Amino acid sequence: MAATPTDDSLFEFPCDFPIKVMGKSHPEFTETIVLVIKEFDDEFHSGRIESRPSSGGNYTGLTCTVRAVNRAQLDDIYRALSSHPMVSVVM
């Protein structure tokens, strides 16, 4: 029987990893997301974000490219973003 790869073996760390974040449009949404991610990736900045408003303008979608060093860091970022009150969805 073949060995099952661990979760970390799916990626080669460190790597650039895109995280999609969506929330209601707000003037401070992007900067708030930057601050949350900087807790886990201190070199992260707004230049590593692509922003797209929804067709109605009520929501903003962000693609945030973080420099992931391990799976635990990615899990921590996902948990922090998912639990933030300004965030509706994290993918």
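Quick notes on the rules
Residue positions within a chain follow its written sequence, with the count starting from 1. Totals for whole chains, interfaces and linings use all residues, but because this is a predicted model, local features are given only for residues with pLDDT of at least 70 and pairs of side-chain atoms are given and counted only at 80 or more. The basis for every side-chain value is the complete set of non-hydrogen atoms in the structure, without hydrogens or water. Under the pairing criterion, centres of Phe, Tyr and Trp rings, with the six-membered ring standing for Trp, must be within 6.5 Å; the plane angle then separates stacked pairs below 30 degrees from edge-to-face pairs above 60, leaving the rest tilted. Only protein chains enter the accessibility calculation, which uses a 1.4 Å probe. A residue is then buried if its area is under 20% of the maximum for its type, exposed if over 50%, and partly exposed in between. Think of a salt bridge as a Lys or Arg side-chain nitrogen and an Asp or Glu carboxyl oxygen that are within 4 Å of each other. Here a strand is any run of E in DSSP of at least two residues, a helix any run of H or I of at least four, and the numbering for each starts at the N terminus.

Side note on the packing of aromatic side chains
Counted according to the given criterion, the structure contains 2 aromatic pairs. Pairing Phe 11 with Phe 13 gives two aromatic rings, centres 5.8 Å apart and planes at 55°, and the pair type is tilted. Consider the rings of Phe 11 and Phe 17, whose centres lie 5.3 Å apart with planes at 85°: the pair is edge-to-face. Taking the relative accessible area as the measure of exposure, Phe 11 reaches 30% and is therefore partly exposed. Phe 17 sits in the buried class, given a relative accessible area of 16%. Within the aromatic cluster, the residues linked to one another by ring pairs are Phe 11, Phe 13 and Phe 17.

Focus: the pattern of salt bridges
The tally for this structure, following the rule as stated, stands at 5 salt bridges. Two residues, Arg 48 and Asp 16, come together in a salt bridge whose shortest N-O distance is 3.1 Å. Residue Arg 48 is located in the loop between helix H1 (29-38) and strand E2 (49-53), and its partner Asp 16 is located in strand E1 (residues 15-24); the two are separated by 32 residues in the primary sequence. Taking relative accessible area as the criterion, Arg 48 reaches 25% and is therefore assigned partly exposed.

Functional significance is not addressed by these values, which are geometric in nature.
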